[in-house]
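Structural features, examined
Letter by letter, the chains look like this.
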Amino acid sequence: MTDKSSLPMREAFVPPDGATRVLLHSCCAPCSCEIMEGMKQSGLDVTVFYYNPNIHPQKEYEIRKEENKRFAAKLGVPFIDADYDTDNWFARVKGLEDEPERGRRCSACFAMRMERAALYAKENGFPIFATSLGISRLKNQEQVYACGRAAAARQEGVSFWDYNWRAKGGADRGAAIAKREGFYRQNYCGCVFSKKARGLEE
Ligand code: SF4
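Described below are features of the structure shown in this document. Since we're looking at a predicted model, the values are computed, not measured.

1. Here we look at the overall build of the protein
Helix and strand counts for the protein come out as 7 helices and 5 strands. Along its sequence from the N terminus, the protein presents helices and strands in the succession β-α-β-α-β-α-α-β-α-β-α-α. In terms of overall size, the protein behaves like a compact globule, its C-alpha atoms giving a radius of gyration of 16 Å where 202 residues would be expected to give roughly 17 Å. With respect to the principal axes defined by its C-alpha atoms, the protein has extents near 50 × 40 × 25 Å. The buried share among the 202 residues of the protein stands at 50%.

Here it is as structure tokens:
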């Protein structure tokens with residue numbers, strides 16, 4: 001079976017506990033595009049939650065956010081533009097600046113974003129939330145998902161959907177959608193420390 005753009009469709013997503021309303025924390029359009037399309041094609045009521053105060057500088061943040069917002073509008077997916085509270089992010093990772101990627105700084109960064117997503121889900125009647133953060137092969141998916149589960153455990157009635165979005169062709173399909181849409185491809189994770197580590201920070 002193919003969709004309108006001739007990409008092979010994956011099997012329908014089935015959230016746990018019969019949920020149909022899903023809050024999807026998104027880090028960027030290239031990571032979330034396939035999940036967004038798949039959820040729409042699966043008949044789910046998906047809302048994108050964009051909360052990424054880690055991204056530096058603000059210009060880069062705006063580029064990633066606006067691209068994600070445009071793609072959500074194209075699919076008819078509501079887009080929640082959350083805070084760019086960088087002061088809180090820097091406070092959260094204080095003392096962890098020199099950690100390598102996949103280290104303790106990243107755990108703190110994931111935890112902060114998952115906690116805010118879980119809180120928004122709780123306050124707005126979403127029984128399930130998920131994140132696009134784990135789809136990249138550059139990330140330790142279990143590290144991300146441990147933070148998602150811990151954040152959900154603090155909000156009664158909210159569950160974290162720890163589906164492996166990379167599997168069953170998800171990662172390849174995401175790359176194909178990103179190419180089809182001509183998305184901007186960032187060359188560092190997001191924070192100033194990851195940018196410095198790649199020799200990209202002036
Ligand atoms: S490298 Fe990425 S995940 Fe790790 S702290 Fe920086 S922005 Fe967050």
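There is more to say, and it comes next.
2. Things to note about the side chain of Glu37
Relative to the helices and strands, Glu37 is located in helix α1 (residues 29–41). A polar atom in the side chain of Glu37 sits 2.4 Å from the side chain of Arg180.

3. Quick look at α1
Look at α1: 17 Å from first C-alpha to last across 13 residues, which is about the 18 Å you get at 1.5 Å a residue. Burial analysis of α1 places 11 of its 13 residues in the buried class, which makes it a mostly covered element. The set of residues buried in α1 consists of Ala29, Pro30, Cys31, Ser32, Cys33, Glu34, Ile35, Met36, Glu37, Gly38 and Met39. Backbone geometry just after α1 places Gly43 at a positive phi near 75°.

4. What about the packing of aromatic side chains?
Tallied over the entire structure, the rule returns 18 aromatic pairs. The ring of Phe126 carries Arg21 above its face, with NZ or CZ at 3.9 Å from the centroid. Positioned over the ring face of Tyr188 is Arg64, at 5.2 Å from the centre of the ring.

5. A few points about the nonpolar core
One recurring pattern in soluble globular proteins is that nonpolar side chains are buried together. Ranked by internal contacts, the top residues of the largest apolar core, which has 61 residues, are Leu24, Met39, Trp89, Met114, Phe129, Trp161 and Trp165. A per-element tally of this core places helix α4 (residues 104–123) first, with 10 residues. With near-sequence residues (within four places) excluded, Met114 lies in contact with His25, Phe129, Thr131, Leu133, Cys147, Gly148, Ala151 and Phe160.

6. What to know about the pairing of strand β2 (residues 45–50)
Judged by how many residues are buried, β2 sits mostly within the fold: 5 of 6 residues are covered. Here strand β1 (residues 21–26) runs beside β2; their pairing, made up of 6 bridges, is parallel. Bridging from a neighbouring strand, His25 pairs with Phe49 of β2. Handedness of the crossover joining β1 and β2 through α1: right-handed. Note: β2 against strand β3 (residues 79–81), 3 bridges, orientation parallel. Bridge pairing in β3 links Phe49 to Ile80. Each parallel crossover has a hand, and for β2 linked through helix α2 (residues 58–75) to β3 it is right-handed.

Conventions adopted
Residues numbered from 1 in each chain as written. Predicted model: local features only at pLDDT ≥ 70, side-chain atom pairs only at ≥ 80, totals over all residues. Heavy atoms only, no water. Helix = DSSP H or I, 4+ residues; strand = E, 2+ residues; numbered from the N terminus. Rg over C-alpha atoms; globule rule 2.2 N^0.38 Å. Buried < 20%, exposed > 50% of the residue type's maximum accessible area, 1.4 Å probe, protein only. Polar contact = N/O pair within 3.5 Å; in protein donor to acceptor, adjacent residues only side chain to side chain. Expected span 1.5 Å × (residues − 1). Phe/Tyr/Trp six-rings, centres within 6.5 Å; stacked < 30°, edge-to-face > 60°. Lys NZ or Arg CZ within 6 Å of the ring centre and 35° of its normal. Core = buried A, V, L, I, M, F, W, Y, C linked by side-chain atoms within 4.5 Å. Contact = heavy atoms within 4.5 Å. Pairing = 2+ DSSP bridges. Right-handed = clockwise from strand over helix to strand, strands pointing away.

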